[in-house]
Amino acid sequence: MTQAVPMTELWRGSLLESLHLGHAVICDDRGQIVRSWGDPNAIIYPRSSAKMIQALPLITSGAAAKYGLNSEHLALACASHNGAHIHTDRVSAWLDHLGLSELDLRCGPQEPADMAARDGLILADDTPCQIHNNCSGKHSGFLTLAQHMGAGPEYLEIDHPVQQACLSAIEETTGETSPTYGIDGCSAPNFATSLVGLARSMAWFASAADRSDRSSEAAVQLTAAMVKHPELVAGETRACTELMRAMNGRVAIKTGAEAVFVAIIPEKRMGVALKITDGTTRASECAIAAILVSLGVLAADHPATRKFMNATQYSRRGLECGVIKPAPDFPG
């Protein structure tokens, strides 16, 4: 089957109000498809779900060791954070450690998703800066790598050594030549891949502990950092943070804009990638939870799971008015 398949339904009362279609793939440690839905060869932009791949050169180059980066730095390099103080304070300290400032970032300003941080800016009559950008950790990693390489400050240029290192990491872990690239919301190049390629990359991360080369050791470090610091990878109320906590460090998951989601499952040596075709995040959150439940690594009745899968919808008065849930035959 190559057409997108129903993955997530939103019911209001007795009426199916919305239906979200998508593609998904599970790969094993040999890069082979264990199961797929829709078209595994669909070409997508992985968006922020690829951040752990983009962070590989930060470690393999020796930059992380040279600048004394710890697991918190690595989690932030993989993060799409809320712009809370736990994120921005650490990014600011990271830049200061490099002898750099907010002005050296190239991600652009963004209003923080964290309400307390947003209200604090309003009360201080201040405006968001680039450190509030959800990708500021990734960009701090880019700056660290650029400084280590002795490369120029415009680290987002497609021919810059930092971006060429990211491209190499994408192609090596997916086992594919990237057919094109687009510009992400944070202004960085985002290299396209097939969905099966992305799942293959996540399976490569999941089985990295079985290998002893430098890239695999870096993958182990990044996965460990994500599950150790789920609050840095996203933030309170976010699916990445809450579901990783619910799985007690067994699985690393990461969302990407336009309804992409990936999972790294070391105990099963498996990787998961999915894309909801209409770009709706609530649908990708439900779909990744359904797949993780089907694989036995996430409890269906965990309170965090119930926030995103089989989740009751409420009116603004608190009345039960609907439910968002997996489609009947998904994941099957």
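For the coordinates displayed, the defined rule picks out four aromatic pairs. For the ring pair Trp 37 and Phe 330, a centre distance of 5.3 Å and an interplane angle of 70 degrees mean the geometry is edge-to-face. With Trp 37 in strand 3 (residues 33–37) and Phe 330 in the segment after strand 12 (320–326), this pair connects stretches of sequence that are 293 residues apart. For the pair formed by Trp 37 and Phe 330, the shared burial category is buried. For the pair Trp 204 and Phe 205, a centre-to-centre distance of 5.2 Å together with 80 degrees between the ring planes defines the contact as edge-to-face. Just as Trp 204 is buried, Phe 205 falls in that class too.

The subject of this paragraph is the side chain of Ser 140. The residue Ser 140 is located in helix 7 (residues 136–149) in this model. Taking the relative accessible area as the measure of exposure, Ser 140 reaches 0% and is therefore buried. Polar side-chain contacts of Ser 140 include one of 2.8 Å to the backbone oxygen of Ser 136.

All right, on to helix 9 (residues 195–206) then. Under the 1.5 Å per step criterion, the end-to-end length of helix 9 is 16 Å for twelve residues, consistent within 8% with the ideal 16 Å. When you tally the buried positions in helix 9, you get eleven out of twelve residues, the bulk of the element. Here helix 9 has its buried residues at Leu 195, Val 196, Gly 197, Leu 198, Ala 199, Ser 201, Met 202, Ala 203, Trp 204, Phe 205 and Ala 206.

One pass over the structure, following the stated rule, counts zero disulfides. Of all cysteine sulfurs in the structure, the one in Cys 240 sits closest to Cys 27, which takes part in no disulfide; the separation is 20 Å. Taking the relative accessible area as the measure of exposure, Cys 27 reaches 0% and is therefore buried. Of all cysteine sulfurs, the one in Cys 78 lies closest to Cys 240, which takes part in no disulfide; the gap is 11 Å.

Among the nonpolar cores identified, the biggest contains 102 residues, and Ile 53, Phe 205 and Leu 292 are the most heavily contacted of them. Considering each element in turn, this core owes the most residues, nine residues, to helix 9.

The subject of this paragraph is a nonpolar patch on the surface. A cluster of nonpolar side chains, namely Leu 16, Leu 19 and Leu 21, defines an oily patch on the protein surface of about 210 Å² accessible area. You can call Leu 19 partly exposed: its relative accessible area is 39%.

Throughout the structure, instances matching the rule amount to twelve salt bridges. Across the pair Arg 118 and Glu 111 runs a salt bridge, and its minimum N-O distance is 3.5 Å. Its salt-bridge partner being Arg 250, residue Glu 267 comes within 2.6 Å of it at the nearest N-O pair. Of the two residues, Glu 267 is situated in the loop between strand 9 (260–265) and strand 10 (270–276) and Arg 250 in the loop between helix 12 (239–246) and strand 8 (252–256); the sequence distance between them amounts to 17 residues.

Take unusual backbone geometry next. With an omega of -5 degrees, the peptide bond between Phe 330 and Pro 331 qualifies as cis. When you line up the elements, Pro 331 lands in the segment after strand 12. Not every positive phi belongs to a glycine, and Asp 125 is a case in point at roughly 50 degrees. Tracing the sequence through the fold places Asp 125 in the loop between helix 6 (115–123) and helix 7.

Cut-offs applied
- Residues numbered from 1 in each chain as written.
- Predicted model: local features only at pLDDT ≥ 70, side-chain atom pairs only at ≥ 80, totals over all residues.
- Heavy atoms only, no water.
- Phe/Tyr/Trp six-rings, centres within 6.5 Å; stacked < 30°, edge-to-face > 60°.
- Helix = DSSP H or I, 4+ residues; strand = E, 2+ residues; numbered from the N terminus.
- Buried < 20%, exposed > 50% of the residue type's maximum accessible area, 1.4 Å probe, protein only.
- Polar contact = N/O pair within 3.5 Å; in protein donor to acceptor, adjacent residues only side chain to side chain.
- Expected span 1.5 Å × (residues − 1).
- Disulfide = S-S within 2.5 Å.
- Core = buried A, V, L, I, M, F, W, Y, C linked by side-chain atoms within 4.5 Å.
- Patch = residues over 30% accessible without salt bridge, like charges linked within 9 Å, V, L, I, M, F, W, Y side chains within 5 Å.
- Areas by Shrake-Rupley, 256 points an atom, 1.4 Å probe, with all protein chains shown as cover.
- Salt bridge = Lys/Arg side-chain N within 4 Å of Asp/Glu carboxyl O.

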